[in-house]
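Working through the structure, step by step
These are the residues of each chain, in order.
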Protein chains: 2
Amino acid sequence: QAAEREPSARAPPLLTDLYQFTMAYAYWRAGRHQEPAVFELFFRDNPFGGGFSLFAGLHDCLLFLRSFRFTDEDVEFLRSVLPPATDPAFFQFLRGLDCSGVTLRSVPEGTVVFARVPLMEVAGPLAVVQLLETSLLCLVNYASLVCSNAARFRLAAGPRRKLLEMGLRRAQGPDGGLTASRYTHIGGFDLTSNVQAGFLFGIPVAGTMAHSYVTSFTSLEEVWPQTLVAVSGDPDPVDIISLTKGWLSRVCELLGAEPGKIREGELAAFLSYAISYPQNFLPVIDSYSVGCSGLLNFCAVALALCELGYRPVGVRLDSGDLCRQSVDVRRVFRLCSEHFSISAFDSLIIVGTNNISEQSMAELNKKENQIDVVGVGTHLVTCTKQPSLGCVYKLVEVRGRPRMKISEDPQKSTVPGRKSVYRLLDADGHPFLDLACLAVESPPEAGVSLRCFPLGCDDSPVSVTPAQATCLRQDVFTKGQVRRDRLTT
Amino acid sequence: QAAEREPSARAPPLLTDLYQFTMAYAYWRAGRHQEPAVFELFFRDNPFGGGFSLFAGLHDCLLFLRSFRFTDEDVEFLRSVLPPATDPAFFQFLRGLDCSGVTLRSVPEGTVVFARVPLMEVAGPLAVVQLLETSLLCLVNYASLVCSNAARFRLAAGPRRKLLEMGLRRAQGPDGGLTASRYTHIGGFDLTSNVQAGFLFGIPVAGTMAHSYVTSFTSLEEVWPQTLVAVSGDPDPVDIISLTKGWLSRVCELLGAEPGKIREGELAAFLSYAISYPQNFLPVIDSYSVGCSGLLNFCAVALALCELGYRPVGVRLDSGDLCRQSVDVRRVFRLCSEHFSISAFDSLIIVGTNNISEQSMAELNKKENQIDVVGVGTHLVTCTKQPSLGCVYKLVEVRGRPRMKISEDPQKSTVPGRKSVYRLLDADGHPFLDLACLAVESPPEAGVSLRCFPLGCDDSPVSVTPAQATCLRQDVFTKGQVRRDRLTT
């Protein structure tokens, strides 16, 4: 895929904080740059005040590690910004750097994870693993945040409703939008409006029309061609404008609507779209007024399409009280289905898009509504409720010796030493505890009781007996190579 | 510059919502794709509940327009996602598209702007200007938001204090981070930690060390080399460890500090860094305890550097009450300066970085403090207070006829017609009103009273007399070409 070909263009090794280079230089100058070191990546609090997070961004991290190399141009730039005292041999050293000495153990992409559990362990030469910090955090933080946010929307929406991500225009620029599309899909969204995300990541794309399309039409004279051929049977083109006008009269009569309030431009827009895409007719019906114009125009065009053997798809509501309107719209669909004996009207879908937040999604489920697909933009991609995840990258071991940061804020002190992380399952196969212990300690055994100390609580240990224990992390990158199958998740 | 070479890699023409293509197809099918159309880009509310915004992202928009072209690969992908009914000739049409028929009038990059004023006017063939919508919004929305946020931090910080952007790790991925660095600089930040932003945009970069560097050291044995040559005079290397130990005793004595509480690893880290960069010594001093260890170690190393003729730069505080600590630190600097007659200690700088928000920046100014440079990350780049700007892109004219979207929410109705926008200045040269009128209306004249209708208020007109009137927008892109000098702002 296009984006995979040039990962360095997305996260070049200069995309990091300057202090990584000044520190790397100081390590190099002291001859410590090759010392084996271990960093851990984790977050301190579950996002959105919730009880979990999804881990995401691993794929991008692997591409980044695989291509981590400085060009001559990079090195020349560094020469211009590092202090003049920098030994020129250091730039030679940088020019030759890569991740061939780096090993990454990581939780798999999309795993449910919890605060303070080390999600990634990055081991390798001190100077190199230090240089990786900012880029790895940048690639994991937002990906995990937006993936978790998507999962919360999915939980609020329930399993049945389809969810469409449509936040590109409100994201932090092009790449923020792409990242959002990619990781909200992993988090439980079905569709995206972002075509580039479909192109790069194979996510199903969706969308039909905006209000500007509707308002660009003023009269039926703008509809061209004015005919459509029936799906089967008669090969002669049918005058679909006349056909639709006939249906519009019948619909108005059925619903007791005033023909005078119907917008001709809107009807022209719907007709023009339906002639272009007769099997994909799903207009936005609230450019003027759903009840007085949009819904009537939709029904008329959709009934004409049905008469010619096509299946209209549905409607989109983009403003106002989506629940109430969806119920009204469904009622009209049922009425048309019964009155005109058009069964296709029983399976029309209703798409709702109107500044949906996690909260309004949850409220949606409590009210009567007939919304089949919900489109979410701003609140999904910007994670309004908490727009950043505070992943950190902490040194836990150098030259085999545990390292610790002590802080007056106990939450900010780190847990030293290289660790193994196990997920303990109960007899029903449900995970109930993530256990971090030193890598040198023996792993937990099924059916054997063990004592552990809940992090962040007081010092009293608890005893647990796992029915099963699995390793939470896997070796995904070893000595410069992505482990087989790790880039296809 | 590297990023300028391949703008299409950053915002390729597929980076848009699918419905732009289905609409473009419907226009094309109806023979309307070449109709001259005009869209306006604006936002409805000033961000952060404030009274203004800065407009930004124009540079990226110009690069995008200039390179807007579909590749064969793009078109093949579109063929796979658009409905099968799509006429193959449409893909030929797409393949030949560019912005040679597009004209962009825009407010200049970095201008102070207000809600509901049309900031950009995009004119051109209906299908093309429709296709540009999402990308332009994506490029303007976050750039303007983060630029405005930076300006608010700058206003809160006052003109004197230096501001450092350091949000890369919390941004929406690599490009979100780069966009933040670029536009916070326009918004009033002096420095960035983001090296790639320095490389691409020439923004001054800054940074020295993180806690991991400090905690990676355990003893003075790790310091290597252990000598430093004085700036002038004696060419023999001096044993800087002994020198520093001597200063440390004197500092402890002066301050009545307990030598037993001093962290040897921290001292080793500071020394090692100072030996590498004796003219750029600015350590983070709160890895363990500022008062019991970090500040003492800093003073000892800095005094040793001074003795050898170097100028230490300062310290960074990264946790706790920055104001109180900065006052304590400054007091110690003054004490050292006086007691040891080392005037370099009078010009040491104090950098503060600890989850700074606009509010805490404003509070900082109300309290006594000695902070010279403030580093801001998360709250700056994620715009926590309001993580998205709601720029919209609305059709106002087709074929010379004004178009309008009507909504039950009056705020969402659009103001139809192609417009001119003037900024009216009073006799002192201060802007007091932005005036939007139809392009066909005559411009306001200096000293001549005119009636205007404040947007969003009731219908009563007000009379104003400008001392001067300037055009707020400029032609920046005409018929496929960026106007001269527009890419160097």
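Labelled according to an unreviewed UniProt entry, chain A appears under the name Nicotinate phosphoribosyltransferase, originating from Sparus aurata. Here chain A is described in UniProt, under the heading Function (unreviewed entry), as follows: "Catalyzes the first step in the biosynthesis of NAD from nicotinic acid, the ATP-dependent synthesis of beta-nicotinate D-ribonucleotide from nicotinate and 5-phospho-D-ribose 1-phosphate. Helps prevent cellular oxidative stress via its role in NAD biosynthesis." Database annotation for chain A, UniProt heading Catalytic activity (unreviewed entry): "5-phospho-alpha-D-ribose 1-diphosphate + nicotinate + ATP + H2O = nicotinate beta-D-ribonucleotide + ADP + phosphate + diphosphate".

A look at the overall build of chain A
The secondary structure content of chain A amounts to 17 helices and 21 strands. Overall, chain A is about 85 × 55 × 40 Å in size when its C-alpha atoms are taken along their principal axes. Considering only contacts in chain A between residues 6 or more positions apart, those separated by 24 or more positions represent 72%. Carbon together with sulfur atoms contributes 51% to the accessible area of chain A, which is approximately 18,500 Å² in total. The centroid of the 47 positive side-chain charges in chain A is displaced by 6 Å from the centroid of its 51 negative side-chain charges.

Observations concerning the relation of the copies chain A and chain B
The relation between the two copies of this chain is a rotation about an axis and a shift parallel to it. When chain A is brought onto chain B, the operation consists of a screw motion whose angular component is 180° and whose axial shift is 0.0 Å, with 0.0 Å RMSD remaining. The transformation just described matches what one would write down for a two-fold rotation axis. Mapped onto chain B, 100% of the interface residues of chain A again fall at the interface, so both copies present the same surface.

Focus on unusual backbone geometry
All names here are of chain A. The omega torsion of the bond from Trp 224 to Pro 225 falls at -10°, within 30 degrees of zero and hence cis. Located in the positive-phi region is Phe 48, a residue other than glycine, with phi close to 60°. For Phe 48, a relative accessible area of 6% gives the class buried. At Ser 341, a residue that is not glycine, the phi angle is positive and equals roughly 55°. Positionally, Ser 341 belongs in the loop between α15 (322-340) and β11 (349-352).

Structural notes on the interface of chain A and chain B
Of the residues lining the interface, 103 residues belong to chain A; the matching set on chain B comes to 103 residues. Looking at the side of chain A facing chain B, the largest losses of area belong to A:Arg169, A:Gln172 and A:Tyr277, adding up to 10% of the total buried there. With its nearest N and O atoms 3.2 Å apart, the salt bridge here joins B:Glu133 to A:Arg169. Inspection of the region where chain A meets chain B yields 38 residue pairs in polar contact (both at pLDDT 80 or more). Among the elements that make up the side of chain A that touches chain B, the one with the highest residue count is helix α3 (residues 18-29) of chain A (10 residues).

What about the pairing of strand β6 (residues 162-165) of chain B?
Residue and element names in this part refer to chain B. Relative to strand β12 (residues 373-376), β6 is paired through 4 bridges, and the arrangement is parallel. In the sheet register, Lys 162 faces β12, and the bridge partner there is Val 373. The parallel pair β6 and strand β7 (residues 191-192), bridged by helix α9 (residues 173-186), forms a crossover whose chirality is right-handed.

A look at the sheet that holds strand β1 (residues 36-42) of chain B
All names here are of chain B. Strand order in the open sheet formed by 7 strands is β14-β13-β1-β5-β3-β20-β21, with antiparallel pairing between adjacent strands. Two strands bound the open sheet, and with one partner strand each, they are β14 (401-402) and β21 (481-482). Here β1 runs beside strand β5 (residues 120-125); their pairing, made up of 6 bridges, is antiparallel. When the bridges of β5 are listed, Phe 39 appears paired with Val 122. Running at roughly 30° to strand β20 (residues 474-478), helix α4 (residues 58-66) makes contact with β3 (103-106), β5, β20 and β21 of the sheet. Of the strands in this sheet, β1, β5 and β13 (392-398) are in contact with helix α8 (residues 133-157), which crosses β13 at around 135°.

Details of the side chain of A:Arg152
Tracing the chain through its elements places A:Arg152 in helix α8 (residues 133-157). Among residues more than four places away in sequence, those in contact with A:Arg152 are A:Pro47, A:Phe48, A:Gly50, A:Phe52, A:Glu358 and A:Lys385.

Details of the sheet that holds β6(B)
Residues and elements named next belong to chain B. The strand order β7-β6-β12-β11-β10 describes an open sheet built from 5 strands, whose pairing is parallel. Each edge of the sheet is formed by a strand with only one pairing partner; in this case those strands are β7 and β10 (314-317). This element, helix α15 (residues 322-340), spans β10 and β11 (349-352) of the sheet and lies at about 160° to β10.

Regarding the packing of aromatic side chains
One pass over the structure, following the stated rule, counts 48 aromatic pairs over all chains. Plain terms: the ring middles of A:Trp28 and A:Phe93 are 6.5 Å apart, the flat faces sit at 35° to each other, and that makes the pair tilted. Of this pair, A:Trp28 sits in helix α3 while A:Phe93 sits in helix α6 (residues 88-95), and the two are 65 residues apart along the sequence. Across this residue pair, the class does not change: A:Trp28 and A:Phe93 are buried. When the centroid spacing of 6.3 Å and the interplanar angle of 45° are considered together, the rings of A:Phe298 and A:Phe345 count as tilted. Residue A:Phe298 is located in helix α14 (residues 290-307), and its partner A:Phe345 is located in the loop between α15 and β11; the two are separated by 47 residues in the primary sequence. Residue classification places A:Phe298 among the buried residues on the basis of a relative accessible area of 0%. Of the aromatic side chains, those joined through ring pairs into one cluster are A:Tyr25, A:Tyr27, A:Trp28, A:Phe90, A:Phe91, A:Phe93, B:Tyr213, B:Phe217, B:Tyr273 and B:Tyr277. Across from the ring centre of A:Trp247, 4.0 Å away, lies the NZ or CZ of A:Arg250, which sits over that ring.

Description of the UniProt feature "domain: Nicotinate phosphoribosyltransferase N-terminal" (unreviewed entry) in chain A
The UniProt record marks residues 14-141 of chain A with the feature "domain: Nicotinate phosphoribosyltransferase N-terminal" (unreviewed entry), using the residue numbering of this structure. As annotated, residues 14-141 of chain A has a helix share of 42% and a strand share of 16%, and its two end C-alpha atoms lie 18 Å apart.

Looking at the pattern of salt bridges
Pairs can form between side chains of opposite charge whenever their charged atoms are close. Inspection of every chain in the model, using the stated rule, returns 40 salt bridges over all chains. Note that B:Asp190 is salt-bridged to B:Arg154, the shortest N-O span being 2.8 Å. Residue B:Asp190 is located in the loop between α9 and β7, and its partner B:Arg154 is located in helix α8; the two are separated by 36 residues in the primary sequence. Judged by its relative accessible area of 24%, B:Asp190 is partly exposed. According to the relative accessible area criterion, B:Arg154 is buried, its value standing at 15%. A cluster of three or more residues bridged by salt bridges with shared partners is formed by A:Arg32, A:Glu35, A:Arg399 and B:Glu222.

Some words on the domain arrangement of chain A
Residue and element names in this part refer to chain A. Domain assignment breaks chain A into domain 1 (2-151 + 388-417 + 473-482) and domain 2 (153-381). Centre-to-centre, using C-alpha coordinates, domain 1 lies 45 Å away from domain 2. In this complex, domain 1 contributes 19 residues to the contact, which on the side of domain 2 involves 18 residues. Summed over both sides, the interface of domain 1 with domain 2 buries roughly 1,400 Å², with 56% coming from carbon and sulfur. When the buried surface of domain 1 facing domain 2 is broken down by residue, Tyr 142, Asn 149 and Ala 150 rank first, second and third, together holding 34% of it. On the surface where domain 1 and domain 2 come into contact, there are 1 salt bridge. Salt-bridge contacts for Asp 60 lead to Arg 182; the nearest nitrogen and oxygen are separated by 3.4 Å. Inspection of the region where domain 1 meets domain 2 yields 12 residue pairs in polar contact (both at pLDDT 80 or more). Elements represented by at least two residues in the side of domain 1 that touches domain 2 include exactly α1 (2-5), α4 (58-66) and α8. Looking at the side of domain 1 that touches domain 2, the element that brings in the most residues is α8, giving 7 residues. For the side of domain 1 that touches domain 2, the per-class residue count stands at 11 nonpolar, 4 polar and 4 charged.

As for the side chain of B:Thr111
Summarising the element assignment, B:Thr111 is placed in the loop between β3 and β4 (112-113). At 2.6 Å, the side chain of B:Thr111 forms a polar contact with the backbone oxygen of B:Pro108.

A few points about the environment of A:Val396
Residue and element names in this part refer to chain A. Its place among the elements puts Val 396 in strand β13 (residues 392-398). For Val 396 and Val 415, which are 19 residues apart along the polypeptide, the C-alpha to C-alpha distance reads 7.2 Å. Excluding its chain neighbours within four sequence positions, the residues that come into contact with Val 396 are Val 38, Glu 40, Arg 401, Pro 402, Arg 403, Val 415, Pro 416, Gly 417, Arg 418 and Lys 419.

Quick notes on the environment of A:Asp346
Residue and element names in this part refer to chain A. By secondary structure assignment, the location of Asp 346 is in the loop between α15 and β11. C-alpha of Asp 346 to C-alpha of Trp 28: the two residues are 318 residues apart in sequence and 71 Å apart in space. A polar side-chain atom of Asp 346 sits 2.9 Å from a polar atom in the side chain of Ser 337.

Examining helix α14 (residues 290-307) of chain B
All names here are of chain B. Of all 18 residues making up α14, 15 are buried, and the element is well covered by its neighbours. The backbone nitrogen of Cys 292 has a side-chain oxygen 3.2 Å away, supplied by the residue at the start of α14, namely Ser 289. Positive backbone phi, at 95°, marks Gly 309, one or two positions downstream of α14.

The rules we used
Residues numbered from 1 in each chain as written. Chains lettered and ligands numbered in written order. Predicted model: local features only at pLDDT ≥ 70, side-chain atom pairs only at ≥ 80, totals over all residues. Heavy atoms only, no water. UniProt positions renumbered as here; feature names shortened; annotations may be inferred. Helix = DSSP H or I, 4+ residues; strand = E, 2+ residues; numbered from the N terminus. Contact = heavy atoms within 4.5 Å. Areas by Shrake-Rupley, 256 points an atom, 1.4 Å probe, with all protein chains shown as cover. Lys, Arg positive; Asp, Glu negative; His and termini not counted. Charge placed at Lys NZ, Arg CZ, Asp CG, Glu CD. Least-squares fit on C-alpha atoms with pLDDT ≥ 70 in both. Buried < 20%, exposed > 50% of the residue type's maximum accessible area, 1.4 Å probe, protein only. Buried area = accessible area lost by both parts, 1.4 Å probe. Salt bridge = Lys/Arg side-chain N within 4 Å of Asp/Glu carboxyl O. Polar contact = N/O pair within 3.5 Å; in protein donor to acceptor, adjacent residues only side chain to side chain. Pairing = 2+ DSSP bridges. Right-handed = clockwise from strand over helix to strand, strands pointing away. Axes fitted to C-alpha atoms, helices over the stretch in contact; angles between N-to-C directions. Phe/Tyr/Trp six-rings, centres within 6.5 Å; stacked < 30°, edge-to-face > 60°. Lys NZ or Arg CZ within 6 Å of the ring centre and 35° of its normal. Domains from an automatic or database assignment. Nonpolar A, V, L, I, M, F, W, Y, C, P; charged D, E, K, R; others polar.

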